[in-house]
Amino acid sequence: MSFSPFRLIGRGFRFIWNALDVGRRFLLNMIFLALLVVLAITFFSGPGQKLDEKTALLLNLKGALVEQHSGGVRESLMAEAKGDTQKTTQLRDILQVLDAAAKDPKISSVVLLLDDLDAAGLPMLREVAAALERFKTSGKKVVAWGSSYDQRQYFLAAHANEVYLHPMGTVMLNGFGRYRNYYRDALDKLGVTVNLLKVGTYKSFAEPYIANEPSPAANEADSSLYNAMWKIYTDGVEKARKLPAGTIMRGIDDLPQLLNAAGGSVAKLALNTKLVDGLKTRDELRQLMIAIGAKDEHAKTFRQISFEDYLFKQKPQFLGDAVGVVIAAGEISDGMAPPGAIGGLSTSNLIRKAREDDQIKAIVLRVDSPGGSAFGSELIRRELELTRQAGKPVVISMSNVAASGGYWISMASDEVIADAATVTGSIGVFAIFPTADKVIEKLGVHTGGTTTTWLSDALNPLRPLNPRFGEVIQAGINNIYLDFTTKAAVARKTTQAKIDEVAQGRVWTGQQAKERGLIDTVGSYGDALKSAASRAKLGANYRVTYIERDLSKFDRVYNMLGGSVAQVLNDQFKVALVPTGIPVAAASAMASELSWLADMNKGNKGYMAMAHCLCSLP
């Protein structure tokens, strides 16, 4: 038998491969076994930390306040394994914890720590503030402390019985409003032509790509919206702090003089203007809470339980008649979307799942969306329509934003409830078709060829938009707008002409929308749950269950691929901007906006009919 070195090498490679494969399987099995052990210990170890009398609930809110965590369970576990801190806190968890603590005789107070609270919309802040007020009504104290307070953090702190600030801290109240970037000149220099087709005088979503400044209509709508929301904010803070009306605006207007009178100390200024009750360091807060409650001799601090640990102690109900809640948070796409986003198909599937569950007697759709795909929005609206036809009540609960597509999905319900500060309306439609014919002309690239019809190459972004194709897109947009306003008229029991008067792409606050007949009730998330239970004739002991799905393996792989492409585009644009001296944060925002424009050429249509308001949290 002849000796073959290649055969020997092959056997060596197979041996190494088999060894690696066995090692991989062993490692995965050990990890899986470790997880089972942890779960078993968790399950059989009881409800967690035992509470003693005079325990303080430590409400240390972290990250953005959201309706639903983004991603799935696997992503959360991986983040924890890597040591990443949780970047979001669910509104529902805060409300559950505060309402449970109000009834718990072992909980004597709440300590509100807000340094790590990030993004939060005013309607969500109002929900948490109302829960804090319910807690106070039980006769228990809320103490807030911060090294500094931004505008969002302070809104919650103002609802505490006592508000304390670090002696070197600040309270920054600067009002609502924004300046947007406009890219018309930049795109012209690049040779990119943005063809905008829309219906709606106030539909200003795409203005940054076709203009160098906001239109008068956009300024009018934004001014009305921001002033109304600012009044809700200042009224809420002044009422909570028992300050005379107008105190906050006077403080902002007279800031230089007031700061000089406080010797340049912003903390003393906050104390002088009664925004806070005292200036304390963290150790002084600790001593205060020991005096109010009780000392934990082992931990050498006041007796306390964390928000996360107390949430873990809450026992969910699994049996009995229920109100099913479907979360519709994020931008709307046509197909499947992970938690934290809305897919026309995936969200419809959740609604259908709730409809076909015999224990679920009514559905609340909790909407926090600026809109997106008109088609995806219609898929969801239709599923709600079928749910009502099946005899199950549907109540819409609007969160921070329920505008454009977010309003579209709210048009098949028994009642629409929004917070006074919810951004809603924006009933309008647009399409964007970017072309780069001038870009390739600058590069010396030319296109040419023959087609059997004028439509064959109409979607080519390297050629100018064919005027006839522009007419086709505009006709489609007009039809979708008519469909939008007609369905809204049916839902609101009025005429299409009257809806058109308050539509035109204009955004309204929840209070303004109520005055114009676009919603039924100004109220809270809790009001929506009670309304759904009442319509389903449920007793006082009904349960609330959230209808959610886990991500499939395919979804995760698909999202990884899509995210990689988007990340490359964003990183490249940031690299190009940073050397010019533009701050990284501003570069990131510009990259996001221009990447969105590039996404309009995805798919086989080359454009998409969008019901989107470009709403951002003030």
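Look up: the structure comes first, before these words.
Residues numbered from 1 in each chain as written. Predicted model: local features only at pLDDT ≥ 70, side-chain atom pairs only at ≥ 80, totals over all residues. Heavy atoms only, no water.

A. Region of the structure containing helix H15 (residues 374-389). For H15, spanning 16 residues, the distance from its first C-alpha to its last is 23 Å, which sits close to the expected 22 Å at 1.5 Å a residue. Every buried residue of H15 is listed here: Ala-374, Gly-376, Ser-377, Glu-378, Ile-380, Arg-381, Glu-383, Leu-384 and Thr-387. For H15, the side-chain oxygen to backbone nitrogen distance between the N-cap and Phe-375 is 3.3 Å, and the N-cap itself is Ser-373. (Helix = DSSP H or I, 4+ residues; strand = E, 2+ residues; numbered from the N terminus. Expected span 1.5 Å × (residues − 1). Buried < 20%, exposed > 50% of the residue type's maximum accessible area, 1.4 Å probe, protein only. Polar contact = N/O pair within 3.5 Å; in protein donor to acceptor, adjacent residues only side chain to side chain.)

B. Looking closely at the nonpolar core. Counting 79 residues, the largest nonpolar core has Tyr-154 and Leu-156 as its most contacted members. If near-sequence neighbours (up to four positions away) are discounted, Tyr-154 is found in contact with Tyr-149, Val-171, Leu-173, Tyr-233, Val-237, Arg-241 and Leu-275. Among the nonpolar cores identified, the runner-up in size contains 48 residues, and Ala-354, Phe-484, Ala-489 and Val-502 belong to it. (Core = buried A, V, L, I, M, F, W, Y, C linked by side-chain atoms within 4.5 Å. Contact = heavy atoms within 4.5 Å.)

C. View of empty space enclosed by the protein. According to the stated counting rule, one finds 3 cavities of 30 Å³ or more in the structure shown. Of the volumes computed, that of the second largest cavity is approximately 90 Å³. Taken together, Gln-68, Ile-327, Ala-337, Pro-338, Pro-339, Ala-341, Ser-346, Thr-347, Leu-350, Glu-548 and Arg-549 make up the full set of residues lining the second largest cavity. The greatest single-element share of the lining of the second largest cavity, amounting to 3 residues, is contributed by helix H14 (residues 344-355). Of the residues that constitute the lining of the second largest cavity, the class distribution is 6 nonpolar, 3 polar and 2 charged. (1 Å grid on protein atoms, 1.4 Å probe; cavity = no way out; pocket = protein on both sides within 12 Å on 5 of 7 lines; lining within 4 Å. Points joined across faces, edges and corners; volume = space filled by probe spheres on them. Nonpolar A, V, L, I, M, F, W, Y, C, P; charged D, E, K, R; others polar.)

D. Up close: the pattern of salt bridges. Under the criterion given, the structure shown has 22 salt bridges. Among the ionic pairs, Arg-184 bridges to Asp-188, the shortest N-O distance being 3.1 Å. With a gap of 4 residues between them, Arg-184 and Asp-188 both fall in helix H6 (residues 184-190), about one helical turn apart. In this structure Asp-188 comes out as partly exposed when scored by relative accessible area, which is 40%. The partner of Arg-355 in a salt bridge is Glu-383, and the shortest N-O contact between them spans 2.8 Å. Placement of the pair is Arg-355 in helix H14 and Glu-383 in helix H15, with a sequence separation of 28 residues. Given a relative accessible area of 7%, Glu-383 falls into the buried group. Within this structure, Glu-378, Arg-381, Arg-382 and Glu-385 form a network of salt bridges that share partners. (Salt bridge = Lys/Arg side-chain N within 4 Å of Asp/Glu carboxyl O.)

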